[in-house]
Amino acid sequence: EGPGDGACLAIKVISFVAGAVIHADRRDQLKHYVKYFFLSDRETGGLAPMHCRLVSAMFDLLRRENSVMEPMLGNVWFLLDIISKSMVQYLHFSGQLKKPRKTRFPEEFLESLKDLILILLDNIVKLEHFVKQTKAAVVSIGNFLKDCLSVMDRGHVFKMVTVALSVFKPGDSTARYSLKFKLLRTLCTHEHFMPINMPKLEKDESCEMTLSAEFSKRHFLVALVLKEVANVMRNDPSEVRLDALELLQDLFAKHDLDPRYSSKDCRQRIASLYWRYLLTVLENISRVDMLALATTQAAPAPNRDTLHQNPSSSSLAAMASSPAAVLREAGDVASGAAVGHSISQASGVGQRRKSATNLEAIKIEANPSSGLSSASIPAGGANATSSASLPGHRGSDATVGPPASLISQQRPSSNSMGSQRVSADSADTPVDKRDRIRMRSLTIVPTPEENLAVTPQNDVMRQMSAGSAPSANADGGTVSSTFFMRDKLNYRETRRMLCCFLFIVRDVERDVLLQWWRQCFQRDRMSSLWKEGEIRSMSSSLVHLLAFFDVLRTSLQVFQYAGKSSIMSKASKLDVMRSQLEQSYALGGAARPASVSLSSALKIRRAASQLSPGSSAPPLLLESRVKLEAHMCAETTLIVLDLVELFILNFREELEENTGNNPLMKRVFSTIITLLEVNQSQVTLSHIFATLRAFIHKFSPALFEGGQEYCAELCYQILMKCNSCVRPIRMEACVVLYLLMRCSFEFVEGSFLRVHLQSIVALSQIIADGHLSGGQDFLRRSINSIESFATRDRSTSPQFPGEVKDLTARLRNVLHATAEMKKHENDPEVLVEQQYILAKSYSNAAQLRQTWLQSMAKLHEQHGNYSEAAHCCIHIAGIIAEYLKCKGCHPSGTAEFAKITQNVPKDEAAMKEDVLDTTIELYTEEDYVDVLEESLFWLQKAERYEVMVELFKLLQPYYDRKRNYEALASSFHSLSAACSKVVEVEKSKRRLLGSYFRVAFFGELFGDDNGIHYIYKEPKVTRLADISLRLEELYSKKLGAENVSIIKDSGKVDVDALDIDRGYIQITYVTPYFSEQELEERMTSFERNNNIRRFVFETPFTKGTRSRGDAREQWLHKSILTTSNTFPYVKKRIAIVEEENFDLTPIEVAIEELTRKLTELTEALQRSPPDKVNLQRVLQGVVSVTVNAGPLAYASAFLTEPELSSSPENHITTLKTVFKDLVKQCEVALELNSRIIQTDQVLYHEDLVKKYDMLARELSELLDPKVRSSDDFVLPMAGDDD
């Protein structure tokens, strides 16, 4: 009747009836009613039309009664559908459909409708705890607004959308954000979404990245989506970000599958429309959690998990049309149907060329309209042609013909990089994945933590890599210093974000990309930009340009093919966890299994909801997922490769600035290296190798004259591919490596020393990283192929084949040494020895020696030998110091390490080959500091704090010279802590720095070790029985238990009496030996356990057949052993180079034994605080009176006749002096013990006093002056009142 109480009551009744019908499960009846039977009045009789009355009544009802929304929640769709149909019927009956949209409905109705939408949404979101109902209600509002776009003024509808979204505020709950994106998702499903958003773009704004007011006005819904995505990516929770990215990704999937937009022009315009999304990606790429990404992706076994045929486009199209949610939730493997499907239709990506068989023909077409070396992959589902069947495609073997046909032509011209092309929409044969952690300080690939760090001094980049967003000032100038911290993006968010990014850069017009890239260089010139002093003034546009290549590199890592077995394994784990949850819920337990996290449980439940109870993932779905992953990897690679080539073609001058030593070149080169690192198919690898060959030709100055890191990384990756089990891949890699050698030879005019050295370094590093565990056969074949290329290549200098043969011979030597190491992989000492020998052979080649020292350090780290690992790093620091000295950048070289260890000046003073090549800058002061800082870490773990103090003395002058006060403050703090630890351990005397043993090998079974004597350093307190058991078990496994025997006697071994068919090991405990002068200089326990190379062991004997007798008969044989180097060293065992033997007479034995007891007692008295247990132990051993042992036995033997007159006078005098000093120390010890004991040890102390009195009485008769008894001095007892 009107907007009064009757109308509100009518709305309540309609809502009640609709609710009852829905409750009776007759929802379809309501839909049929609205669709087929509802009819508004043609004539209103002076009243307002039906839709006006309904809107007014609903608004009044919701305004008066807030509680009415809850019962209406489930049927609000019915009321909105009635209003929508009433509006259409009104237009039809009144003839308004042909009139302009702005005049179709009165202004009062439009305002009322806007108010209704606002109050309706406001009431709905307050009921967010009714999750299902509120989502359905929001969807119904979205559908209503979507219908309004077809019949109303769209400007007013956009106002209603704005009003509706104003209900949601920043900081809302996750549930409200979910409702917000439900609304947006519904609006974006409009049939004419693109026509609504895509008026003609103006050229001057096509590459603009900001969401300007003008852009938002022209492209309202797209701008709205992009703005919401950008906002939630800043600081909202992960679930909210995932909702936003899924909305955008589904939009791209919708566009990609829409046949109306399949033409190249339409796809380019769509990509341009979403171009501004790139800014969001560039600002958030540093937030990608690379550590979580590495653990999420399972690495397949190299070259074993292969797709044996090329997946067809038809199967991919079928996957893309399947429910995206199933793919997303079931393991989140194939998140992106749009990009997956688009492989069969890629107009910008499929622009690839086949591998050229003549390097002269490798050119990039300069015509932008034709794309970068491009030819569109044909769309057409099952009719799409795979690369294997393309006309004119020669296959992989065609690329490995005679080297004369490959490389004998002239170097390509400056504007050429590749011209022949091929369509490649398939993926097969994934290749080796490089999974390595290297200690190389000169790698050019930025780590995930320093994603955008151009230099260590660039605070802007460091803050961005920590998760901050750069912002430009009004004139586009330097980056603002205001940043805020944000959390990391997880794996699922990263995949969705990058999937949308790839969709845009794949289809966007290349002129747009080029225009944006050129704008990045308008405010800065490269010559001044890359100078260290001006790097802070980099504009935000250049920051974004560098981030662009970081995004490309991250995309390759995220979408790399993990292998069929890995994907299937994830699916099987999902089934197992789901079954655990089902069992838990079936038993009525609310708790999830302990092995399943909450987030995993929710994910599994969502995935399980797509499947029937008790079933597993359908095999077809799993197979489709595997194919989709392979296609995603292939297309991502082709997208990135095209973009890299496009950039190289148009910005060669900027890349060559400063001989390639600039952040931009490093980003581009890192992207190329990542293309080689990730798993690739054979087809895509052929394209990568073609690009690589052209890159070598175009950027020879950067590779062979600039920093050596480019050549080093390239040699590493190519040699990795030379070890592939797929022959075409190996041959392509051999061609590239041979080309690298030849180009270097021609560029340097008669030498390829840099490639020579870096190839050996790379092979050594590959071995150290464990990438040859599967064998060396493939790599040996590749080396033979390279040598064959040089032999058959008639167009080069006569000296070139000889240089190549020399390099291949050295590579074979390294492989041979590796084979020898393989035999001793379970013997850490011998394995380190083998690596030490190889490192020593490269004593005049810094990088090669450094590589093997790093490998030794890793091995020591694995076995907990931290002192040896630290000294490996110290030796590397010595190498760098000597190199810098030769370059005039360091004052003393290895000489400054003499106080730390004599081994460094002895081993690392040779410097020859690398220094002679002035084009190579191997190390900088920063590298020197980095290695010293790493040494500090290992020294701390080894508890060698005194050496840390010496290293800080080397570091602090560098910090002071660089005005690095932050590092200085930190070093002084650490120095203070190290000195405090020194004081602590010296007082406690509880630090144990190692035990030493002489180990001698006898027998031909030990090979080169036969007859060699070593000193073994074992950790802390290792007993003789422990090392004997370890070595016996070790060599029993290697040689057979029946062939190994342990010699337990420490005396000289009669080799002729041993069985020649057996192996014998003699193990003897030894202690460091010092002369009297050394003992005076080495005052602390650390000094007596550091830089030691002389050791002693004793063998008691008598003149008769017995080994032991009484004091007058006991002789002692001493052996002093000298090693070739001092301990600690880069290895745990060092060969003995000198042995000195002499015998002690019985009286000399007595003097030495008593002197030892005197030293022990003196040290016990010097401890602060006193160690009561140790003091009493030592004191007990001195004062206990035994006729045949102890001090009294020596006194009775040598201070009485006939020994008193027959022994040398100086020995008698020395013996008496020692006795007197010992007795005096006993007095002090008894007095100290009386003060520190408790009442329960009074009797024990009295017993010690009695024993001292007995000793004093006996010695008084033999010594002059007499020895005092306890009656001659006061010994106050603990607890006495006096």
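These numbers come from a predicted model, not from an experiment. (Residues numbered from 1 in each chain as written. Predicted model: local features only at pLDDT ≥ 70, side-chain atom pairs only at ≥ 80, totals over all residues. Heavy atoms only, no water.)

A.B. asks: Would you mind going over the overall build of the chain in detail, with residue names and values included?
C.D. replies: Along the backbone of the chain there are 53 helices and seven strands. Per-residue burial for the chain yields a buried fraction of 55% across its 1282 residues. Of the contacts formed within the chain by residues at least 6 apart in sequence, a portion of 76% connects residues at least 24 apart. (Helix = DSSP H or I, 4+ residues; strand = E, 2+ residues; numbered from the N terminus. Buried < 20%, exposed > 50% of the residue type's maximum accessible area, 1.4 Å probe, protein only. Contact = heavy atoms within 4.5 Å.)

A.B. asks: Tell me what's going on with the side chain of His190, and back it up with residues and numbers.
C.D. replies: Within the secondary structure layout, His190 lies in the loop between α9 (174-187) and α10 (193-197). A distance of 2.9 Å separates a polar side-chain atom of His190 from the backbone nitrogen of His192. Beyond its immediate chain neighbours, meaning those up to four positions away, His190 contacts Lys146, Leu149, Ser150, Ile196 and Lys254. (Polar contact = N/O pair within 3.5 Å; in protein donor to acceptor, adjacent residues only side chain to side chain.)

A.B. asks: Give a detailed account of the confidence of the model for the chain, specifying residues and quantitative values.
C.D. replies: On average, residues of the chain score 77 in pLDDT, and 75% of them are at 70 or above. Segment residues 298-485: pLDDT under 50, and 491 contacts once partners within four positions in sequence are set aside and those in other chains are kept. Scored below 50 in pLDDT, residues 531-535 shows eight contacts in the model against residues more than four places distant or in partner chains. (pLDDT = per-residue confidence, 0-100.)

A.B. asks: Tell me about the packing of aromatic side chains, and please be specific about residues and values.
C.D. replies: Summed over the entire model, instances satisfying the criterion amount to 42 aromatic pairs. Ring geometry for Phe704 versus Phe747: centroids 6.1 Å apart, planes at 45°, classification tilted. Residue Phe704 is located in helix α32 (residues 700-704), and its partner Phe747 is located in helix α34 (residues 727-748); the two are separated by 43 residues in the primary sequence. For Phe704, a relative accessible area of 1% gives the class buried. Classification of Phe747 by relative accessible area gives partly exposed; the value is 27%. When the ring of Tyr836 is compared with that of Tyr1129, the centres are 5.8 Å apart and the planes differ by 70°; the resulting orientation is edge-to-face. In this pair, Tyr836 is assigned in helix α38 (residues 828-841) and Tyr1129 in the loop between β6 (1115-1127) and β7 (1133-1144), connecting sequence segments 293 residues apart. In this structure, Tyr836 and Tyr1129 share a single accessibility class: buried. The ring of Tyr836 is capped by Lys1131, whose NZ or CZ atom sits 4.0 Å from the centre of that ring. Arg1133 extends its terminal NZ or CZ atom over the ring of Tyr1014, reaching a point 3.9 Å from the ring centre. (Phe/Tyr/Trp six-rings, centres within 6.5 Å; stacked < 30°, edge-to-face > 60°. Lys NZ or Arg CZ within 6 Å of the ring centre and 35° of its normal.)

A.B. asks: Explain unusual backbone geometry to me, using residue names and the numbers behind them.
C.D. replies: The linkage connecting Phe1127 with the following residue, Pro1128, adopts the cis geometry, with an omega of -5°. With respect to the helices and strands, the residue Pro1128 is situated in the loop between β6 and β7. For Thr659, which is not a glycine, the phi torsion comes out positive at approximately 55°. Along the polypeptide, Thr659 turns up in the loop between α29 (652-655) and α30 (663-677).

A.B. asks: Give a detailed account of the environment of Tyr738, specifying residues and quantitative values.
C.D. replies: By secondary structure assignment, the location of Tyr738 is in helix α34. Judged by its relative accessible area of 0%, Tyr738 is buried. A sequence separation of 51 residues divides Tyr738 from Phe789, and the C-alpha atoms of the two residues are 7.6 Å apart.

A.B. asks: Quick rundown of the environment of Arg154? Include the residues and the values.
C.D. replies: As for its position among the elements, Arg154 is in helix α8 (residues 154-165). Of the residues examined, Arg154 reaches a relative accessible area of 29% and is grouped as partly exposed. As for Arg154 and Arg101, which are separated by 53 residues in sequence, their C-alpha atoms are 8.0 Å apart. If we ignore the near neighbours within four places in the chain, the residues touching Arg154 are Arg101, Leu149 and Ile196.

A.B. asks: Tell me about a nonpolar patch on the surface, residues and numbers included.
C.D. replies: Taken together, the side chains of Leu9, Val13, Phe16 and Val17 define a hydrophobic patch exposed on the protein surface, amounting to about 420 Å² of accessible area. Inspection of the secondary structure assignment puts Val17 in helix α1 (residues 5-23). Val17 sits in the partly exposed class, given a relative accessible area of 45%. (Patch = residues over 30% accessible without salt bridge, like charges linked within 9 Å, V, L, I, M, F, W, Y side chains within 5 Å. Areas by Shrake-Rupley, 256 points an atom, 1.4 Å probe, with all protein chains shown as cover. Salt bridge = Lys/Arg side-chain N within 4 Å of Asp/Glu carboxyl O.)

A.B. asks: An account of helix α45 (residues 965-988) is needed here, citing residue identities and associated values.
C.D. replies: Residues lying three or four places apart along an α-helix face the same way, a consequence of the helix completing one turn every 3.6 residues. For α45, built from 24 residues, the straight-helix expectation of 34 Å at 1.5 Å per residue is met to within 8% by its first-to-last C-alpha distance of 34 Å. Taken residue by residue, α45 has Ala967, Leu968, Ser971, Leu975, Ala978, Val982, Val985 and Glu986 as its buried positions. Summarising the contacts, the buried residues of α45 are in contact with α44 (945-961). Positioned one or two residues after α45, Lys989 has a phi angle of 60°, which is positive. (Expected span 1.5 Å × (residues − 1).)

A.B. asks: Outline the pattern of salt bridges, supporting the account with residue identities and numerical values.
C.D. replies: The final tally for this structure, using the stated rule, is 56 salt bridges. Across the salt bridge formed by Asp550 and Arg553, the nearest N and O atoms sit 2.9 Å from each other. Placement of both Asp550 and Arg553 in helix α25 (residues 540-558) is noted, with a separation of three residues, approximately one turn of the helix. Accessibility assignment for this pair places Asp550 and Arg553 in one class, buried. When the shortest N-O distance is used, the salt bridge between Arg812 and Glu787 registers 2.7 Å. Taken as a pair, Arg812 in helix α37 (residues 799-823) and Glu787 in helix α36 (residues 777-792) lie far apart in primary sequence, 25 residues in all.

A.B. asks: Break down the nonpolar core for me, citing the residues and quoting the values.
C.D. replies: Membership of the largest hydrophobic core comes to 277 residues, with the highest contact counts inside it found for Tyr274, Tyr277 and Phe548. Those residues in contact with Phe548 that sit more than four places away from it in its chain are Leu278, Leu282, Phe501, Val505, Leu513, Trp516, Trp517 and Leu643. Residues Ala1150, Val1178, Val1182 and Leu1215 belong to the second largest nonpolar core, which totals 37 residues. (Core = buried A, V, L, I, M, F, W, Y, C linked by side-chain atoms within 4.5 Å.)

A.B. asks: I'd like a rundown of the pairing of strand β4 (residues 1063-1072), residues and numbers included.
C.D. replies: With seven of 10 residues buried, β4 lies mostly within the body of the structure. In terms of strand pairing, strand β3 (residues 1044-1047) meets β4 through four bridges, oriented parallel. By the bridge assignment, Ser1045 is partnered in β4 with Tyr1064. Summarising the sheet, β4 and strand β5 (residues 1092-1101) pair through two bridges and their orientation is antiparallel. Paired with Pro1072 across the strands is Phe1095, a residue of β5. (Pairing = 2+ DSSP bridges.)

A.B. asks: Tell me what's going on with the packing of helix α15 (residues 277-284) against helix α22 (residues 491-507), and back it up with residues and numbers.
C.D. replies: For any two helices packed against each other, the geometry comes down to the angle between their axes and how far apart the axes lie. Viewed as axis vectors pointing N to C, α15 and α22 meet at an angle of 135°, and their least axial separation amounts to 10 Å. With respect to their mutual orientation, α15 and α22 come out oblique. Where α15 crosses over α22, the two elements pack in a sense that is left-handed. Taking contact as the criterion, the partners of Tyr277, Leu278, Val281 and Asn284 in α15 are, on α22, Arg496, Met497, Leu498, Cys500, Phe501, Ile504 and Val505. (Axes fitted to C-alpha atoms, helices over the stretch in contact; angles between N-to-C directions. Parallel < 35°, antiparallel > 145°, perpendicular 65-115°, else oblique. Left-handed = near helix turned anticlockwise from the far one by under 90°.)

A.B. asks: Break down the packing of α37 against α38 for me, citing the residues and quoting the values.
C.D. replies: Where α37 contacts α38, the axes come no closer than 9 Å and their chain directions differ by 165°. Our classification of the angle between α37 and α38 gives roughly antiparallel. Between α37 and α38 lies a crossing whose hand is right-handed. Packed against α37, whose contacting residues are Ala817, Glu820 and Met821, the element α38 presents Leu831, Gln834, Gln835 and Leu838 at the interface. Classifying every residue of the contact of α37 with α38 gives four nonpolar, two polar and one charged. (Nonpolar A, V, L, I, M, F, W, Y, C, P; charged D, E, K, R; others polar.)

A.B. asks: Lay out helix α33 (residues 709-722) in plain terms, naming residues and giving numbers.
C.D. replies: For α33, which comprises 14 residues, the first-to-last C-alpha distance of 20 Å matches the rise-based estimate of 20 Å (1.5 Å per residue) to within 8%. Where burial is concerned, most of α33 is hidden: 14 out of the 14 residues are buried.

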